[in-house]
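# Chain and residue survey
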Number of protein chains: 2
Amino acid sequence: MPIVMYDLAGADPALRFSPYCWRIRMALAHKGLAVETVPWRFTDKDAIACSGQGRVPVIRDGDSVVSDSWEIACYLEAHYPERPSLFGGAVGQAHARLINAWADSAVLGPAARLVVRDILDAIDPKDVDYFRSSREQRFGMTLEAVQADGRENRLAAFRDSLTPVRLVLRTQPWLGGTAPSYADHILFGTLQWPRCISRFEMLAADDPVLAWQERALDLYGGLGRSAPRV
Amino acid sequence: MPIVMYDLAGADPALRFSPYCWRIRMALAHKGLAVETVPWRFTDKDAIACSGQGRVPVIRDGDSVVSDSWEIACYLEAHYPERPSLFGGAVGQAHARLINAWADSAVLGPAARLVVRDILDAIDPKDVDYFRSSREQRFGMTLEAVQADGRENRLAAFRDSLTPVRLVLRTQPWLGGTAPSYADHILFGTLQWPRCISRFEMLAADDPVLAWQERALDLYGGLGRSAPRV
């Protein structure tokens, strides 16, 4: 029985764009685990009530229900230890936790400011009011103002947030070293989100992070590359 | 024969304050390796000419001379595999490289702006002209202006740069997980530098990073805590 994963979807159910869900799609593929994804919208709180919270990704694996992308990655590593490791051991896992926290706090936020208005055009109509009001409360201004300010004034800050990645890619092809690890999936999901939901060019054409992203799009039979985009 | 390490010193040869040298002092202690440190000043280029470059740390281990803190950490891990691991394997090492790049690009720079003028009061008189001119060229203003602007306008940005660390410390005591890894030594060195060279309070009294730093100061017989400060 495949693992079931509730996966944020747009008005088009094939459009999947959550950065956290993409981390887990890649982690499942990394482990070679079959998955059946269920399209989920921001306001479908009842569908994942079994997880005791209201956000995706949520997975159901037999009798186990797990939420939160980091917790799911740790669950997969613990429950499928015979399959390719996401972390390469306990210290690699501890270090990945810092990389996860870095991506969430230093990369996702600046990325959001570049595409948050575009999201509104792609999500399910029933999600629009919820999305606009919750995000405008968070940013303290309209989504139009956030995105306009982002693209005019904050693109460099977003690109600068990836400086550590560029330094690492000078000497190793993946954040995991010679092969992808969950650290790669963390960053991949973070960038797959704007890639799927917007046509805005987040990275300069000569950015080594873009070359890394292109390689990552080809992983696991082109899982990321074959994903629908707006 | 102990490993010899060239270690940045102030006018007082006991004052050791390089963030990169501190990373390696902690890494050597982590591995239980004896070290003989040689006080070195910015302008002592000849003393480390054997390394083919002009910065510390430089170590001499028998016939091997290694420079650059990251390269030295990798050298120690490769040459002393039977001693406690700094990285917990290849993936942990790859992830630590990203943490190293993050600390260098996102934490060290903001930290420098808070203490760079104080450094001038502590370094050897022969280094003063070199230090001032090289750093003022880098910052594009006087060291006095950098530090005044830093303390007035950039303290929050420095503290914000440590947000990922705070998130991680909610659920694990060390960046390495249940025990310190080289990731801890990277951050420890980064903070030991302002701690030794300045009396400016970099962290708020209730910051969990400060509690972590206090624990780290006690590691290896209080190696960090016993270090002289200005």
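Note that the coordinates shown come from a computational prediction; the quantities given were computed from them, not determined experimentally.

Here the focus is the pattern of salt bridges. Evaluated as defined, the whole model comprises 32 salt bridges over all chains. The partner of Asp104(A) in a salt bridge is Arg23(A), and the shortest N-O contact between them spans 2.9 Å. Linking Asp104(A) in helix 3 (residues 90–122) with Arg23(A) in helix 1 (residues 19–30), this pair joins segments that are 81 residues apart in sequence. Classification of Arg23(A) by relative accessible area gives buried; the value is 0%. Of the charged contacts in the structure, one is a salt bridge between Arg83(B) and Glu82(B), with a shortest N-O distance of 3.9 Å. Owing to a relative accessible area of 59%, Glu82(B) belongs among the exposed residues under this scheme. Put simply, Arg117(A), Asp121(A), Arg132(A), Glu136(A) and Glu144(A) are held in one network by salt bridges that share partners.

Looking now at the side chain of Arg23(B). Within the local environment of Arg23(B), its side chain forms a polar contact with the side chain of Asn100(B), the two groups lying 3.1 Å apart. The contact partners of Arg23(B), leaving out residues within four places of it in the chain, are Ser69(B), Asn100(B), Ala103(B), Asp104(B), Leu108(B), Tyr182(B), His185(B), Ile186(B), Gly189(B) and Thr190(B).

Residues and elements named next belong to chain A. One can read the domain layout of chain A as domain 1 (3–79) and domain 2 (90–221). The C-alpha centroid of domain 2 is placed 19 Å from the C-alpha centroid of domain 1. Listed as interface residues are 25 residues of domain 1 and, on the opposing side, 32 residues of domain 2. A buried area of about 2500 Å², summed over both sides, lies between domain 1 and domain 2, and 65% of it is on carbon and sulfur atoms. For domain 1, the biggest contributors to the area lost against domain 2 are Arg23, Met26 and Trp70; these three give 32% of the whole. Counting every contact that joins domain 1 to domain 2 gives three salt bridges. Asp44 serves as the salt-bridge partner of Lys126, at 2.7 Å between the closest nitrogen and oxygen.

This part takes up the packing of aromatic side chains. All names here are of chain A. Following the criterion strictly, the structure yields 14 aromatic pairs over all chains and no others. The interplanar angle of 40° and the centroid separation of 5.4 Å between the aromatic rings of Phe42 and Phe131 together place this pair among those described as tilted. Remark: Phe131 occurs in helix 4 (residues 128–139) and Phe42 occurs in the loop between strand 2 (35–40) and strand 3 (58–61); sequence separation between them is 89 residues. Residue Phe42 is classed as buried on the basis of its relative accessible area of 10%.

Thresholds, definitions, all that
- Residues numbered from 1 in each chain as written.
- Chains lettered and ligands numbered in written order.
- Predicted model: local features only at pLDDT ≥ 70, side-chain atom pairs only at ≥ 80, totals over all residues.
- Heavy atoms only, no water.
- Salt bridge = Lys/Arg side-chain N within 4 Å of Asp/Glu carboxyl O.
- Helix = DSSP H or I, 4+ residues; strand = E, 2+ residues; numbered from the N terminus.
- Buried < 20%, exposed > 50% of the residue type's maximum accessible area, 1.4 Å probe, protein only.
- Polar contact = N/O pair within 3.5 Å; in protein donor to acceptor, adjacent residues only side chain to side chain.
- Contact = heavy atoms within 4.5 Å.
- Domains from an automatic or database assignment.
- Buried area = accessible area lost by both parts, 1.4 Å probe.
- Phe/Tyr/Trp six-rings, centres within 6.5 Å; stacked < 30°, edge-to-face > 60°.

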